[in-house]
Every structure is written in structure tokens, then in C-alpha cells.
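# Chain and residue survey
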Amino acid sequence: MGAWALLLGAWALLLPGLPDVAQAQAQACSVRPNVFEVEENTKLSGPLVNVSVPEGQQVTLGPSSTPFAFRIQGTQLFLNVTPDYEENTVLEAHLECRRGDTLVTQQKVLVIVLDVNDNPPKFPFKVRVWSVSEDTEVNTVVIPEMELQAKDLDKNDILFYTLQEVTLGASSLFSLVGVNLPALRLDRPLDFDRHRNMTFQLMARDTREEDAVPSHTATATLVLEVQPADLRPPWFLPCVYSDSHFCLSAQYQGAIPTGHRLPAPLILRPGPIYAVDGDWGINQRIIYSLIRGQDEDDTFVINADSGNLTMTKSVPGPQTFLLLVKGEQEDHARYSVTQVTVEARDASGSPPRFPQSLYRGTVALGSGMGVAVKDAAAPSQPLRVWAQDPEFPDLNSAITYRITNNSNFQMDGEEVLTATQLVQAGVFYAEVEANNTVTSGTAATVLEIEVTELEPTPTGPPGTGGGTGGVPPGGSHVEDQRFSVTEMAALGGVLGALLLLAVIALAILVHKHYGPLLQCCSGKALEPQGFDNKAFLAKDGEASWAPAPSPRPTRTPAEVPPASPLPTLPAPASPGPALESPTVARDEGGPAGVRSILTKERRPEGGYKAVWFSENIGAEADVVVLNAPTMDADRASDSGSEGSGDESNGAAGVGEGPGSDSTSI
């Protein structure tokens, strides 16, 4: 140290203008302290530090300082920005002390920015869809961690993940590998039929505890679409599920008559042969074929597309066929086999049977050709007339229908249609014949069709748009004043006079036609009033289209002509309700004196035969043939006045005792 002092002294002597080194050190700029720690987002309003600057010097910021982070006011250093850890972790201020243009010394001030949890985590997506195959193995990671990780700008934060189900039951199939490892793992086998789409909500939190402060979260939506895999064979329906991958297929049974070849596909129980791909999401087309077993002679064939089983020939005698039907996917990847039992039985040849002996229908007047007759019991449904084979349901499809005695109606399968335009209202009857094209058995039933007039379209009161005098185009209401009170009173008087004249004329007509009847106090009973039903009037072998007219006045006993010989009614050929063509009895009292033998009213009047249908017809028709009366006029008078005969007694009084004038069929 002494040597340095001697050397400096010598230099001082040689260079009298050189400042003393110790004095120069005492006159340099200084900063104490020069390292600071500041939390991010903290704004400092006061000076960061005071700089000690000797007299004659100036302090400035060097170019190496963090841009815009500091400023110097006088000898004080200020933090010019709010520090952000995510932008700069350290802020540097380089202080330069100068005397004029001469740099005397340099000082460095460091501001260390402390990290604060001020940023929420963020997922790289809002909603994302992944496809997962149905045959994915359990414990497989279906979505890797890198695709589900969230990012947090707070670099020291540790993220915690939770998986929440949106689709009910989805959380039992998938889970996260770990709370800090957001990889999605399959926990149970997938089933396309039960869960085709599943939605989850993935949440990330930057604190372990939910109630920590501060704490931030982020959410994203995961949608998993299960893609079907070929895991199941075809299933013959109806089948019974044992689990989601196996269904016990149905077996089919049927019966056929011996000696006959059915033209239509066999009707089987519990239904037609039908199979579907067990993997409904793939839904491969099914191809049907027969695996030959007992049917080596090719008695049956199956349609490869529909699965319908048909006969190629008749079976001569009773036999049971056990057929194996194979249903295979179009790609030949999987198939199933089921059994069809077909029993060939002897057919007794019994005719088909109608469940009803009388069918009632309605149709509107004026209907053109091809209009469906409606069911009277259910007017919104078409009238269906059908018969069935009592032994073989398979033969029901072989039954055809036709109307035999009325050209105004026709059968379209089991439905009744009009065959021409209907121009008159009334109640009409027709016979429907069912023919089994296989066994040639026939049966018949009766149609009662009422042709009704169409209901008039309501016009509505004035002002509703249905008549005149409503709201004019302008929109304002105008009162209807076409008739005054005086005019309406005059109209009422005219109508009253016309009513009086009508009553007088009616009285004259009654006296003219029924005067002798009213004056008769005793004597012979009047002949019961009769009605004509022209719906079955025969003309060239067909029924004539005519409605049932209004009742005619009954003639006096003197005007009744003698009874003419009448044909007899043939007996039914079978126990069913089959009817022959209607037979009529002719009344010789007039030019068109033709009366139907079929009627719905009881008419015990003499002079002709009639077939009467009871109003309450059950499974079998109550048919009564009314013969010519054997009682004379005196016995008829003892039976009472008009209306006390068989019409009031009903069906029970016809043909019950000896001497009756009717015969029951």
C-alpha cells in the first residue's frame, strides 16, 4: 500500500492536473440497493430507488435497459410499467453517470418479477368429436393425453382434471387415467345399440382445492361417437334377448292341406320368416336359403330376398317337414339358422265361413265408380267382408270374393266398392260369395248398403262469410236490411193462408181414400199394410237398381185379387248363410205388381210367400217363409183390428203352433 502511495505521489508531481484516485472514487454514482423483488400486476407509484449522483455529474438510462420499463426524474429511478411475469421475469435498468460527455461510471438495477396465479387454464378446443369403434378393447386409451391437455400461462401452476358425464351412464364406460393426466380410457365394453353418442365435460383447475383463492377453471366438451362393428349374426324375428350381443331367434310353424298346392306363400306362426342384421348400425342385407334335410324332393322353395316359403307341388299324404332356413349377411361374414316346421294334414274340404251373416255399410248418394263403401258401425273405416278357412289359415289368402246379384257394387279383395254412379237413395241388399280357389269350397253372406244423401254445406249466418250480406271488401260491417218489418209480416200472412189450404186439402184426401174404413164399425179386419222392396227385382238374371219406395195405401178387401200360385224357396245347400238368387212373387193386381220375397219386416199378409230377416240377426239368419193363409175372412176379423197380427207378435209368433201360415227355415 505504501508503494502505491509513493507511486501516486510521483505521478502527482509529474502530472499536477490528474485528480486524486481516492477522491474520484468518492465522487462516483452509487445505488443502494440495486436488486428488487416485485409481484406481477403491482403498480408502484413512488420511486423505486434514489441514485447518489456527485456534483457536476448526470445520471441517465443506458441503451441496454429494458425498453420502456424505467424512467429517471432527477436522481430518482421509477418503474414505468406494471410488471407481468408472463412477459418479463426480470427488468434491468443500466444507469450511466456522466460528466459532460465523459462516462464516469455505470450502475445496474435489477427488478425480479414474482409470479402470481392470475391466468386461467385454456383448452386448445371448445368442442371436439372423436370416433370410437364398438369393438375397442377394455383399458384402451382412446384419446391420448397430448390431445386433451390444457395450457396455463402461470408456469408454476399444476393443473387438476375432472371428467363429468353429460350423457346419463357414460361415466361408467370411460374415465381419466389420472387427476393430472387427462388421457381418456375405456373401462367397459361398448354397445352401439345402447350408447351411440356420449358427451362429456372435461374441466381443468389450477388449484388442488376448489375453494382456494385465487383459483381458475376451464371446460371443454368431448363427444364420442361409437362406430358399429360386425359383432352379431343375423337374428330371426321375433327373438328373445339374452344380452346385447345374443338373441334367441324364433322358430316357425305352419300347416298345409294334403293334395293341394298353395299358390301363395305359406302363412307361418308367429309370423313370416324374417331376419335382420344383429348389428343394426351396419344393417347388412340378409339372403335366405334352405339347408336341405327332409325336403330332399324340393317340395318347398324360399325367396332369397323376402324369405317367403312357397310350395312347388302338392303333398299326397300327411307328413311333417322340418326345414332349416339359413339367413346370411350379404358380405358372407356371419349367418344364422332357424327351423321351420310344416305339417301336411288331410283337408276335409269344409267351405269357408263368414264371421257375420249380415254386413252393413253406407255410401253417399252420387258416388261414382270405385268409391269404397264405409262400415256402418265405424263410418271412418271401409267395409271389409272376409271369410276364413276353419282348418287351414294358409288358405285364407286363396279365398276370392264377388258380388253375385247386384251390378252396382263390386268387390276389391275384401273391400266393397261402387261399380257405377249411385243416383237414388235407399237401402239395398247384395250377396257376397267367397270361393276358396284351392278346395273349391264356397260360402255366401248378405250386404245391407244404405245410400244416403249428402249433407248440405252450411252457408252460415250473415256476416260469417257463408252467405250474402256479410262483411264487405272494405272491412266495415253493413247491417242486412233487405226486408222491412212490414214485408216480413205480409210474408207471414201469406204462409199462414197456404198452411190453411194445405190442411183442408189433406182432410179432403183422407176422406176420399179412407172414408169407408173410418165408417166401418164392425166386420172383417183390414188386410195388413204391405211394402215393396225393389232392391232384388229380377231382370235378366240381375237385380234392378231401385230404392225402397214409400208405403202405398192399402186397398180394401174388395180390391184384393185372388192369390196366384207361388214358387217355393229352395233350401240352403250348406249350413252357412249362402243365398240363391232372390225369388220373387208376382202380384197380378197391377202392371208392375212385383214384390220381393226378401224383406226385413214381418208381413203375414196373404197371397204370396216372403223371406223375412229378423232385425236382430246373430250368427245365423232367422228366415221364415210366409205361406198363403188358410183362414177365411171371418177368422181374420176375429183376430182383432189392424196392427194386432203377427207384426206385433214378432218372430216368436211365426210358425210355432199347428195351423200356422208360415214355415221356418
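Described in the following lines is the structure provided in the data block. As a convention, each chain's residues are numbered from 1 in the sequence order in which they are written. Totals for whole chains, interfaces and linings use every residue, but because this is a predicted model, local features are given only for residues with pLDDT of at least 70 and side-chain atom pairs only at 80 or more, for both listing and counting. For side-chain calculations, the full set of non-hydrogen atoms in the structure is used, while hydrogens and water are omitted.

## Examining the sheet that holds strand E3 (residues 49-52)
Note on pairing: two strands pair once DSSP finds at least 2 bridges between them. The numbering of helices and of strands both runs from the N terminus, where a helix is a DSSP run of H or I of at least 4 residues and a strand a run of E of at least 2. Reading across from one edge, E1-E3-E6-E5 is the order of the four strands in this open sheet, with antiparallel pairing throughout. Of all the strands in the sheet, the pair left with one neighbour each is strand E1 (30-31) and strand E5 (70-73).

## Focus: the packing of aromatic side chains
Pairing of aromatic rings covers Phe, Tyr and Trp, the last through its six-membered ring, and needs centres within 6.5 Å; plane angles under 30 degrees mean stacked, over 60 mean edge-to-face, and all others mean tilted. Within the structure shown, the criterion is met by seven aromatic pairs. Plain terms: the ring middles of phenylalanine 300 and phenylalanine 321 are 5.0 Å apart, the flat faces sit at 80° to each other, and that makes the pair edge-to-face. Residue phenylalanine 300 is located in strand E22 (residues 300-302), and its partner phenylalanine 321 is located in strand E24 (residues 319-329); the two are separated by 21 residues in the primary sequence. Remark: exposure states derive from per-residue accessible area (1.4 Å probe, protein chains only) relative to the maximum for the residue type, with buried under 20%, exposed over 50%, and partly exposed in between. Taking the relative accessible area as the measure of exposure, phenylalanine 321 reaches 2% and is therefore buried. Taken together through their ring pairs, the aromatic side chains of Phe123, Phe125, Trp130 and Tyr161 make up a single cluster. By definition here, charges over rings are those cases where NZ of Lys or CZ of Arg is within 6 Å of the ring centre and within 35 degrees of the ring normal. Lying across the ring of tyrosine 335, lysine 326 places its NZ or CZ 4.6 Å from the centre.

## Observations regarding the pairing of strand E8 (residues 102-114)
Examined bridge by bridge, strand E2 (residues 35-39) and E8 share five bridges and lie parallel to one another. The partner of valine 38 across the bridge, within E8, is valine 113. Here strand E7 (residues 90-99) runs beside E8; their pairing, made up of 10 bridges, is antiparallel. Among the inter-strand pairings, glutamate 96 is bridged to a residue of E8, identified as glutamine 106.

## Quick notes on unusual backbone geometry
Here the residue pair leucine 237 and proline 238 is connected by a cis peptide bond, since its omega of -5° sits within 30 degrees of zero. Within the secondary structure layout, proline 238 lies in the loop between strand E16 (234-236) and strand E17 (240-243). Located in the positive-phi region is asparagine 41, a residue other than glycine, with phi close to 70°. You can see asparagine 41 is positioned in the loop between E2 and E3. Residue class for asparagine 41 comes out partly exposed when judged on its relative accessible area of 43%. The backbone phi angle of asparagine 283 is positive, close to 55°, even though this residue is not glycine.

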